[in-house]
Amino acid sequence: MKGKDEQTIAYGTDARSLSLPEWEAYLAKAGLPRYRAGQIYGWLHKHGAESYEEMTNLPASLRERLAGDLPIAPVTEAARQVSALDGTQKFLFEMGDGNAVESVFMKYHHGNSVCISSQAGCRMGCRFCASTIGGLDRNLTPGEMLGQIYQIRRLTGEEISNVVVMGTGEPFDNYDNLMRFLHLLTDPKGFGLSARSVTVSTCGLVPRIYQFAEEGIPCTLAISLHASDDETRRRMMPIAEKYSIAEILAACRTYFEKTGRRVTFEYSLAAGVNDSPEAAKALAALVKGLNCHINLIPINPVRGREFAPSARPSCEAFKLLLEKQAIHVTIRRELGRDIDGACGQLRHRQKLSAHETGEE
Ligand code: SAH
């Protein structure tokens, strides 16, 4: 039987996915000095090194050995769109197996934010979302999630103060890798981002919300609610067949009790579907007494998907009704409107064109 250290190292050969103790175990096993672990870990997570060649304070023999044993999984820029309106940058990153994912860099007055993908594709099937059109290709490793952030920092030369896991994929459908990613991202010996600067968005996998509440990682939890009654939610999101709004809200209450973190609800407004004054009042009643924030987003129309965005006056009226009930609510500022706002569209288009030319 394999020892525990061997099992953890066998977890993956992706260098960015390994914790500092795992690096120490690897070096101990190889008969190499322990302090090298801190050096390698610092290069990977503080400096965002893309190759062992950059690690100039390591002996060449060690760099060669590491490149063979524990390669750094590539996350390579394949395309970039820059918004002329607000400086938002959308990246298409290609991974070692040719799969591509999207990430977005946004500038806010409180700092720079990066939105990353947690899976290549998605199997949740939300009917307004471009990311789920081709289904799930695969989960991303923790290192590939980190790689998106490190590459954006490197490519833009800007510091990153917030990370949102709101790109392609359902993070709670890739739970173990997500937890490892969060531990690495918030490790003071690594990138060292505060958990409070990280938001994880889920379509509402209830058992995972309870599990996440026990992890001791005080992130902001965002729930894609999008409806104030189960019937409407089922029209929009297949996951609503599995979990009711009442079950989701009960899980959110527990999340708040355990972590003290206010929950965010995302509510994408679709004309004539979920944007009536009655829906707003029902939503206010649902979240009454829960410490939360509601983020309204006019649905971003996606080719081949149902649902049209609510008109601005309906959005404003919806917001006002919530405010009247003393609920914290904002209409999300639409960044990068000129560069395909809705996530998943760049990746989807790349897949389509690869398909058309028979590359796939
Ligand atoms: N799977 C996770 C995170 C990915 S999507 C989740 O469901 O939360 C990030 C957010 O964008 C979610 O709230 C999602 O419902 C929303 N979204 C996806 N496509 C959209 C579109 N076309 N218009 C508006 N919001 C959309």
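Residues numbered from 1 in each chain as written. Predicted model: local features only at pLDDT ≥ 70, side-chain atom pairs only at ≥ 80, totals over all residues. Heavy atoms only, no water.

**What to know about the packing of helix α10 (residues 277-287) against helix α11 (residues 312-324)**
- Where α10 meets α11, the closest approach of the two axes is 9 Å, and the angle between their N-to-C directions is 30°. Judged by the inter-axis angle, α10 sits roughly parallel to α11. In the packing of α10 onto α11, the handedness of the crossing is right-handed. Contact residues: P277, A279, A280, K281, L283 and A284 in α10; F318, L321 and L322 in α11.
- In terms of residue class, the contact of α10 with α11 is made up of eight nonpolar, no polar and one charged. (Axes fitted to C-alpha atoms, helices over the stretch in contact; angles between N-to-C directions. Helix = DSSP H or I, 4+ residues; strand = E, 2+ residues; numbered from the N terminus. Parallel < 35°, antiparallel > 145°, perpendicular 65-115°, else oblique. Left-handed = near helix turned anticlockwise from the far one by under 90°. Contact = heavy atoms within 4.5 Å. Nonpolar A, V, L, I, M, F, W, Y, C, P; charged D, E, K, R; others polar.)

**So, the pattern of salt bridges**
- Under the criterion given, the structure shown has 15 salt bridges.
- Ionic pairing is found between E22 and R180, a salt bridge with its closest N-O pair at 2.8 Å. Residue E22 is found in helix α2 (residues 20-29), and its partner R180 is found in helix α6 (residues 175-186); the two are separated by 158 residues along the sequence.
- Overall, E22 belongs to the buried group, its relative accessible area being 7%.
- One continuous salt-bridge network, built from bridges that share partners, spans E50, E54 and R154. (Salt bridge = Lys/Arg side-chain N within 4 Å of Asp/Glu carboxyl O. Buried < 20%, exposed > 50% of the residue type's maximum accessible area, 1.4 Å probe, protein only.)

**Topic: the sheet that holds strand β4 (residues 111-115)**
- Taken in spatial order, the 10 strands of this open sheet run β1-β2-β3-β4-β7-β8-β9-β10-β11-β12, and their pairing is mixed. Of all the strands in the sheet, just β1 (75-82) and β12 (328-331) have a single pairing partner and so form its edges. Strand-to-strand twist of the sheet, defined as the mean angle between neighbouring strand axes without regard to direction, takes the value 20°.
- Two elements, strand β3 (residues 100-108) and β4, share five bridges in a ladder whose sense is antiparallel. Paired with M106 across the bridge in β4 is S113.
- With respect to the sheet, helix α5 (residues 142-156) is in contact with β1, β2 (89-95), β3, β4 and β7 (162-165), its orientation differing from that of β2 by roughly 130°. (Pairing = 2+ DSSP bridges.)

**Quick notes on the environment of T13**
- Tracing the backbone shows T13 in the loop between α1 (4-9) and α2.
- Taking C-alpha positions, T13 is 12 Å from E144, a pair spaced 131 residues apart along the chain.
- Excluding anything up to four places from it in sequence, T13 contacts D69, L70 and P71.

**Things to note about the environment of A282**
- In this structure, A282 sits in helix α10.
- Among the residues examined, A282 registers a relative accessible area of 31% and is labelled partly exposed.
- Expressed as a C-alpha distance, the spacing of A282 and S228, which sit 54 residues apart in the sequence, is 5.8 Å.

**A closer look at unusual backbone geometry**
- With phi around 65°, H226 is a residue other than glycine that occupies positive phi space.
- Checked against the element boundaries, H226 lands in the loop between β9 (220-224) and α8 (230-236).
- Residue class for H226 comes out buried when judged on its relative accessible area of 4%.

**Some remarks on the packing of helix α7 (residues 206-213) against helix α9 (residues 245-259)**
- Look at α7 against α9: their axes get within 9 Å of each other, and the N-to-C directions meet at 5°. The angle between α7 and α9 places the two elements in the roughly parallel class. Judged by residue contacts, V206, I209, Y210, F212 and A213 of α7 engage E247, I248, A250, A251, C252, T254, Y255, K258 and T259 from α9.
- Counted by class, the contact of α7 with α9 contains 10 nonpolar, two polar and two charged residues.

**Some words on the confidence of the model for the protein chain**
- Mean pLDDT over the protein chain: 91, with 90% of residues reaching 70 or higher.
- Long-range and interchain partners of residues 1-11, a stretch whose pLDDT sits below 50, account for 12 contacts in this model, where long-range means more than four residues apart.
- The low-confidence segment residues 355-360, where pLDDT is below 50, has four contacts with residues more than four positions distant or belonging to other chains. (pLDDT = per-residue confidence, 0-100.)

**Overview of the nonpolar core**
- Of all hydrophobic cores here, the largest spans 100 residues; its most connected members are W23, I149, F181, L182, F212, F265 and I294.
- For this core, the element with the highest residue contribution is α6, accounting for seven residues.
- Residues in contact with W23, not counting those within four places in the same chain, are A15, L18, A37, I40, Y41, L44, Y52, L66 and L70. (Core = buried A, V, L, I, M, F, W, Y, C linked by side-chain atoms within 4.5 Å.)

**Thoughts on helix α4 (residues 60-69)**
- Burial in α4 covers these residues: L62, R63 and L66. Along the long axis of α4, the arc covered by the buried residues comes to 100°, so they all point the same way. Those residues of α4 that are exposed and aimed more than 90 degrees away from the buried face are S61, E64 and G68.
- In the core, the buried residues of α4 are packed alongside α2 and α3 (35-45). (Arc of directions from axis to C-beta.)

**Digging into the site of the ligand**
- Residues in contact with the ligand amount to 16 residues; listed here are only the nearest, F128, S201, S224, H226 and N300.
- In this structure, S201 approaches the ligand through a side-chain N or O atom, which is 2.6 Å from an oxygen atom.
- At 2.5 Å from an oxygen atom of the ligand is found a side-chain nitrogen or oxygen belonging to S224.
- Summarising the interface, the protein chains cover 93% of the accessible area of the ligand, which totals 530 Å² for the free molecule.
- At the level of secondary structure, the elements contributing two or more residues to the shell around the ligand comprise β8 (198-202) and β10 (263-269).
- In the shell around the ligand, the residues fall into six nonpolar, eight polar and two charged. (Near = heavy atom within 4 Å. Polar contact = N/O pair within 3.5 Å; in protein donor to acceptor, adjacent residues only side chain to side chain. Areas by Shrake-Rupley, 256 points an atom, 1.4 Å probe, with all protein chains shown as cover.)

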